[in-house]
Amino acid sequence: MRTSELRELLGSLEESAAPEPSPVFVAKLEADLRNMDQVEEAEAPRRTNTRTRRARVLVAAGPVAALTAAAAAAAMTLLPSKPHPRELKTADPGVTVPTPTSEAPPSSVPTPTTVAPPPWLPPAAAPSPVTTAVPRTAPTTPVPTPGEHPTPTTAGPHEPVTTTVPRANTTTTVPAPETLSLQCTAGMSAGNPTVFCGWSPSTSSSFKWYRLWRTSSGSPFAIVFQSDNRSTTGYYDHTVQAGTNYYYKVDITDAAGNVIGTSSVSPVTCC
Amino acid sequence: MSLAASLPVVVTDGVDERGLAEAARTSPDAFAVLYRRYVGRIYAFAFRRSGSREVAEEVTSATFERAWRAMPSFEWRGGGFQAWLFAIAARELAGWYRRNARHGNVRAQRALRLLHPGVAEDDHERVGAEDEQALLREALSTLPERYQEAISLRRLAGLEPEDAAAAMGCTKAVLAVTLHRATKALRKAIETRRGSR
């Protein structure tokens, strides 16, 4: 067999038609991947960063403080850049962002339960339950009348207060806002600082727009990207500067411009 | 809907792959973008190498699962994410053939294809070409895995020499030598099989 014949045979195989994978297979595999924990395999490709492994050995050897300065520095610089959830600091302990419930992220992704919004952030960055201020009045005997029903409220540990609310006001149902998961990661892209933000797709039937907001020190949130394509679930922000702290959040609106879902605030230090 | 049409808009905005791959080390959403970008190519690569939809799906799944698990240790080097991913796929393919060789699956599948009823007279030429390709696949699967990877990455995945070398973790010169030896071994394996028919 001649070499040219073999090359021709290999060429015909390379150029042979290959079918596209079925959409069902593609979608199912993507779903499986999203549900899979991200764990570094011991059997990773041969090009696996040996320096990272060495750094882990250094860390496993004992506290960083017990190592030599050079070894500790090497270990710190070679450690993966994946932030630990507990590294998220709380600037205002009073602001707590609820954990997304509509779509649970993979367990490997740090789920921010408490984020560090800057002082100038309004505390209403996350949806909060609607509350009604009820003036405290003298205790009254709950006597329901036609068209009304008693609604107990909490006024104090030993002061049961009952107010009467018209039934018409309580029958209005407001759909719960959708909660999106958002994760932003800083890095270098072609030598330029870049932040990538990815979020979970909206499942709301009223979806019209995604809006990605950003703020840095002292400035209000401003929209950096928006899309009416439901499948657009990521954006590269190339307009960031190194050494700056940024805060991102994403929300969704309906056709009328009403916000029908939002995410927690994702802090990023660039880059 | 085609694969291209299902891609998010952000992919068509000229997003550079390096930043995307670096973000994908910790972001499932970034990895999903890469997945959608490459799933068709990995599947086609696995299909050409195996000639089977089932094997192509199995190898494609294993490739992306392994890639996702290994993403935290991913480092951008020559060839980038593409070479890294195809290297995983080539290794998965070689592993699949190693695991299934003892059961004679490859040979049995080839025999089934040849015995497949309903082949028209006009299809004889096409069947002949497919037979040659099946012979090539079978011979390829008997080579050492390193040789299989070299031929697969250069000839079937269509990677450039520098990218294929990066994928195999060697220099271009070493890849050229490996490829030369692999081609020689492949030719011998094909001749052996033709002689035994």
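Right above here is the structure, for reference.
The rules behind the values
Residues numbered from 1 in each chain as written. Chains lettered and ligands numbered in written order. Predicted model: local features only at pLDDT ≥ 70, side-chain atom pairs only at ≥ 80, totals over all residues. Heavy atoms only, no water. Helix = DSSP H or I, 4+ residues; strand = E, 2+ residues; numbered from the N terminus. Buried < 20%, exposed > 50% of the residue type's maximum accessible area, 1.4 Å probe, protein only. Areas by Shrake-Rupley, 256 points an atom, 1.4 Å probe, with all protein chains shown as cover. Contact = heavy atoms within 4.5 Å. Pairing = 2+ DSSP bridges. Phe/Tyr/Trp six-rings, centres within 6.5 Å; stacked < 30°, edge-to-face > 60°. Lys NZ or Arg CZ within 6 Å of the ring centre and 35° of its normal. Axes fitted to C-alpha atoms, helices over the stretch in contact; angles between N-to-C directions.

(A) Just the overall build of chain A, in detail. A count of helices and strands for chain A gives five helices and 11 strands. Split into buried and exposed, the 271 residues of chain A put 36% on the buried side. Put simply, chain A shows about 15,800 Å² of open surface, and 57% of that area lies on carbon and sulfur atoms.

(B) Highlighting the overall build of chain B. Assigned secondary structure in chain B consists of 11 helices and zero strands. Across chain B, helices and strands are ordered from the amino to the carboxyl terminus as α-α-α-α-α-α-α-α-α-α-α. Within chain B, the proportion of its 197 residues that are buried is 54%. Within chain B, contacts between residues at least 6 apart in sequence are counted, and of these 65% link residues at least 24 apart. Counting only carbon and sulfur atoms, one obtains 51% of the accessible surface of chain B, whose full area is about 8,500 Å².

(C) How the structure looks around helix 10 (residues 161–168) of chain B. Residue and element names in this part refer to chain B. With six of its eight residues buried, helix 10 lies for the most part within the structure. Listed in full, the buried residues belonging to helix 10 are Asp-163, Ala-164, Ala-165, Ala-166, Ala-167 and Met-168. Gly-169 sits one or two positions beyond helix 10 and adopts a positive phi of about 70°.

(D) Structural detail: the pairing of strand 4 (residues 182–189) of chain A. Residue and element names in this part refer to chain A. Here strand 4 pairs with strand 5 (residues 192–199) via eight bridges, running antiparallel. Residue pairing for strand 5: Thr-185 is matched across the bridge by Phe-196. Here strand 4 hands over to strand 5 after two residues, with Ala-190 in that stretch at a positive phi of 50°.

(E) Seen up close, the packing of aromatic side chains. Under the counting rule described, the total for this entry stands at 16 aromatic pairs over all chains. Ring plane angle 80° and centroid distance 4.9 Å describe the contact between Tyr35(B) and Phe64(B), whose orientation is recorded as edge-to-face. On the criterion of sequence distance, the pair formed by Tyr35(B) in helix 4 (residues 28–50) and Phe64(B) in helix 5 (residues 53–70) is long-range, its members being 29 residues apart. The buried category is assigned to Phe64(B), whose relative accessible area is 0%. Between Phe74(B) and Trp76(B), the ring centres sit 6.4 Å apart and the planes meet at 85°, which makes this aromatic pair edge-to-face. Taking the relative accessible area as the measure of exposure, Phe74(B) reaches 2% and is therefore buried. Put simply, the rings of Trp199(A), Phe207(A), Tyr210(A), Phe225(A) and Tyr235(A) pair up and form one aromatic cluster. The side chain of Lys249(A) reaches across the aromatic face of Trp213(A), ending 5.9 Å from its centre.

(F) Structural detail: the sheet that holds strand 8 (residues 234–237) of chain A. Residues and elements named next belong to chain A. One open sheet accounts for three strands, arranged 4-5-8; its pairing is antiparallel. A strand with exactly one partner marks an edge of an open sheet, and here the two such strands are strand 4 and strand 8. Averaged over all pairs of adjacent strands, the angle between strand axes in this sheet comes to 20°, irrespective of strand direction.

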